[in-house]
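Examination of the molecular architecture
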Amino acid sequence: MNAYRIRTALVSIGAVLLVSLAAASAAVPQRPEPARFVNDFAGVFQAAQADSLESRLAAYSDSTSTQIVVVTVSDLEGMDAASYATEIGESWGVGSSDFDNGAVILVKPKNDNGSGEVFIATGYGLEGAIPDAYAKRIINEMMIPNFIKDDYFAAVTGACDKI
């Protein structure tokens, strides 16, 4: 009887985890095809700005194999910014699968759906170079001052330069 309860509990926990993972995957946008480094779903960049940043990030990826992907969204779909950015990195396959060296810069501007939020999620392969404390410093010193001026392009390009 005990083994049955344990087995039932494990199956229930597994089902809850699968449903949670499926819900998280459904909340983040699908990776655009063809894949891009700049994904401005919130419409905060001018076309020329997005193109310029796209070119810079493509050149960086080509020269280092490290990928930085910028994603702006209008709504986090009930998720916190850290989980949302991490889920994008995992579901989109940002970075090399051999080195897990991708970074996602997530920006949710302040709007009717709540306050502005930003997070930099890094793959395990970048955690030594960009630990959470350093990512937080980039956000606080480079990004937030530019967000206050409504200059999303300067905030994101500055963060990319620091990374």
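Preceding this paragraph is the structure being described.
Presented here is a report on the structure given in the accompanying data block. (Residues numbered from 1 in each chain as written. Predicted model: local features only at pLDDT ≥ 70, side-chain atom pairs only at ≥ 80, totals over all residues. Heavy atoms only, no water.)

1. Things to note about the overall build of the protein chain
What counts is decided by this rule: Helix and strand assignments come from DSSP, with helices taken as H or I runs of at least 4 residues and strands as E runs of at least 2, each series counted from the N terminus. The classification of residues rests on relative accessible area computed with a 1.4 Å probe and restricted to protein chains. Under 20% of the type maximum is buried, over 50% is exposed, and intermediate values are partly exposed. By the convention used here, residues are in contact when the closest approach between their heavy atoms is within 4.5 Å.
Each helix and strand in the protein chain was counted, giving 5 helices and 4 strands. Counting helices and strands in the order they occur from the N terminus, the protein chain gives α-β-α-β-α-β-β-α-α. Within the protein chain, the proportion of its 163 residues that are buried is 37%. Considering only intrachain contacts with a sequence separation of at least 6, the fraction spanning at least 24 residues in the protein chain is 60%.

2. Observations concerning helix 5 (residues 152–162)
For helix 5, every residue scored as buried is listed here: Tyr152, Ala155, Val156, Thr157, Gly158, Ala159 and Cys160. Among the structural elements, helix 2 (47–64), strand 2 (67–72), strand 3 (102–108) and helix 4 (132–148) are those in contact with the buried residues of helix 5.

3. Topic: the pattern of salt bridges
The condition that has to hold: We count a salt bridge whenever a side-chain nitrogen from Lys or Arg sits within 4 Å of a carboxyl oxygen from Asp or Glu.
Going through the model one piece at a time under the given rule, you end up with 2 salt bridges. The partner of Arg36 in a salt bridge is Glu54, and the shortest N-O contact between them spans 3.6 Å. In this pair, Arg36 is assigned in the loop between helix 1 (2–27) and strand 1 (38–40) and Glu54 in helix 2, connecting sequence segments 18 residues apart. Residue Glu54 is classed as buried on the basis of its relative accessible area, which comes to 13%. Among the ionic pairs, Arg56 bridges to Asp161, the shortest N-O distance being 2.2 Å.

4. Comments concerning helix 4
Which entries qualify depends on this criterion: Given a helix with a known number of residues, its expected span is that number minus one, times 1.5 Å. Bending is quantified residue by residue as the angle between axes fitted to the seven-residue window ending at that residue and the seven-residue window starting at it.
Along its 17 residues, helix 4 runs 22 Å from first to last C-alpha, staying within 8% of the 24 Å computed at 1.5 Å per residue. The largest bend along helix 4 measures about 30° and falls at Ile139. Every buried residue of helix 4 is listed here: Ala135, Ile138, Ile139, Met143, Asn146 and Phe147. On its buried face, helix 4 sits against strand 3, strand 4 (117–122) and helix 5. Looking one or two residues beyond helix 4, the residue adopting positive phi is Asp150, at roughly 60°.

5. Things to note about the packing of aromatic side chains
Here is the rule: Each pair of aromatic rings taken from Phe, Tyr and Trp, with Trp reduced to its six-membered ring, is defined by centres within 6.5 Å and is described as stacked if the planes are under 30 degrees apart, edge-to-face if over 60, and tilted in the remaining cases.
All chains considered together, the criterion is met by 3 aromatic pairs. Both rings, one in Phe45 and one in Phe153, keep their centres 6.4 Å apart while their planes meet at 85°; by these two values the pair is edge-to-face. Of this pair, Phe45 sits in the loop between strand 1 and helix 2 while Phe153 sits in helix 5; the two residues are 108 residues apart in sequence, bridging distant segments of the chain. Ring plane angle 40° and centroid distance 5.2 Å describe the contact between Phe147 and Tyr152, whose orientation is recorded as tilted. Classification of Phe147 as buried rests on a relative accessible area of 16%.

6. Thoughts on the nonpolar core
For the record, the criterion: To define a nonpolar core, start from buried Ala, Val, Leu, Ile, Met, Phe, Trp, Tyr and Cys residues and group those joined through side-chain atoms within 4.5 Å.
Core analysis: the largest hydrophobic core is formed by 42 residues, its most contacted members being Ile105, Leu106 and Met143. Listing elements by their share of this core, those giving two or more residues are helix 2, strand 2, helix 3 (81–92), strand 3, strand 4, helix 4 and helix 5. Other than its neighbours up to four places away in sequence, Leu106 contacts Val71, Val73, Leu76, Ala81, Tyr84, Ala85, Ile88, Glu117, Val118 and Phe119.

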